[in-house]
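Spelled out from the first residue to the last, the chains are:
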Amino acid sequence: MIYLDHNATSPLRPEVLEAMLPLLRGGSGNPSSLHAPGREAKRALELARAELAAALGAEPSELVFTSGGTEADNLALRGPLARGPLAARGELAARGEGRRLIVSAIEHPAVLRASEALAEEGVQVERLGVDGEGHVSPEALAARL
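Residues numbered from 1 in each chain as written. Predicted model: local features only at pLDDT ≥ 70, side-chain atom pairs only at ≥ 80, totals over all residues. Heavy atoms only, no water.

1. Focus: the overall build of the chain
- Within the chain, the secondary structure is distributed over six helices and two strands.
- Start at the N end of the chain and walk to the C end: the helices and strands fall as α-α-α-α-β-α-β-α.
- Here the analysis covers contacts within the chain between residues at least 6 apart in sequence; of these, 33% occur between residues at least 24 apart.
- As displayed, the chain offers around 10400 Å² of accessible surface, 57% of which is attributable to carbon and sulfur atoms. (Helix = DSSP H or I, 4+ residues; strand = E, 2+ residues; numbered from the N terminus. Contact = heavy atoms within 4.5 Å. Areas by Shrake-Rupley, 256 points an atom, 1.4 Å probe, with all protein chains shown as cover.)

Right under this line is the structure:
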């Protein structure tokens, strides 16, 4: 079978599995815990963060690991736009700027639901239509920017 639904999930690459196996076999530890398994988990997490940052040309402090796509979508949208206790960072909201979001009409439900929640909080949300191939017209986007 050829698996084509990488939008939903992607098969684990063999080199990732090999890197993870020692951690999966070695027990579990919460990286926020102070006991030995927690400290080991923290070391492994920070090593992974440093290696990924180096590969991306980023600083380790710029990387945020999430448990999955829905959490990542919410963090990306809510972080700069949300106000109040739901705001992860909210710098734009605090300055009263950037309370506008443009999404395509065919975004993943996690993005659409987060954008709907932000609209209820006062963010101006616009959905752009797409053509028969799922593309947003660059002209339509430019007109809204």
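2. Describing the pattern of salt bridges
- Here the structure, examined in full by the defined rule, presents seven salt bridges.
- Taking the shortest distance from any N to any O, the salt bridge between Arg43 and Glu40 comes out at 2.8 Å. Taken together, the residues span about one helical turn, with Arg43 and Glu40 both in helix α2 (residues 36-56) at a distance of three residues.
- With relative accessibility at 40%, the residue Glu40 sits in the partly exposed group.
- A salt bridge links Arg127 to Glu116; the nearest nitrogen and oxygen atoms lie 2.8 Å apart. Pair noted here: Arg127 is in strand β2 (residues 124-128) and Glu116 is in helix α5 (residues 109-120), with a separation of eleven residues, a long-range link.
- Arg127 gets classed as partly exposed once you look at its relative accessible area, which sits at 41%.
- Salt bridges here are not isolated pairs; linked through shared partners, they connect Arg100, Glu126 and Arg144. (Salt bridge = Lys/Arg side-chain N within 4 Å of Asp/Glu carboxyl O. Buried < 20%, exposed > 50% of the residue type's maximum accessible area, 1.4 Å probe, protein only.)

3. A short note on the pairing of β2
- As paired strands, strand β1 (residues 100-104) and β2 are joined by five bridges and run parallel to one another. The partner of Val103 across the bridge, within β2, is Arg127.
- Following the chain from β1 across α5 to the adjacent parallel β2, one finds a crossover that is right-handed. (Pairing = 2+ DSSP bridges. Right-handed = clockwise from strand over helix to strand, strands pointing away.)

4. Overview of the side chain of Ser115
- Looking at the secondary structure, you find Ser115 in helix α5.
- If sequence neighbours within four positions are ignored, Ser115 has contacts with Leu77, Leu101, Val103 and Val125.

5. Looking at α5
- Across its twelve residues, α5 extends 16 Å between first and last C-alpha, which sits within 8% of the 16 Å expected from 1.5 Å per residue.
- Looking only at α5, the buried set comprises Ala110, Val111, Leu112, Ala114, Ser115 and Leu118. (Expected span 1.5 Å × (residues − 1).)

6. Some points on the nonpolar core
- Of all hydrophobic cores here, the largest spans eight residues; its members are Leu77, Leu101, Val103, Val111, Leu112, Ala114, Leu118 and Val123.
- Contributions of two or more residues to this core are made by β1 and α5.
- Broken down by element, the residue count for this core peaks at four residues, all from α5.
- Leave out the neighbours within four places in its chain, and Ala114 touches Asn74 and Leu77. (Core = buried A, V, L, I, M, F, W, Y, C linked by side-chain atoms within 4.5 Å.)

7. Some thoughts on a nonpolar patch on the surface
- A contiguous nonpolar patch, built from Leu12, Val16, Leu17, Met20 and Leu24 and spanning about 410 Å² of accessible area, is present on the exposed surface.
- When its relative accessible area of 33% is taken as the criterion, Met20 is described as partly exposed. (Patch = residues over 30% accessible without salt bridge, like charges linked within 9 Å, V, L, I, M, F, W, Y side chains within 5 Å.)

8. Topic: the side chain of Arg49
- Structurally, Arg49 is set in helix α2.
- Leaving out residues up to four positions away in the same chain, Arg49 has contacts with Pro60, Leu63, Val64 and Phe65.

9. Considerations on helix α1 (residues 14-25)
- Along its twelve residues, α1 runs 16 Å from first to last C-alpha, staying within 8% of the 16 Å computed at 1.5 Å per residue.
- Following α1 by one or two positions, Gly27 has its phi on the positive side, about 95 degrees.

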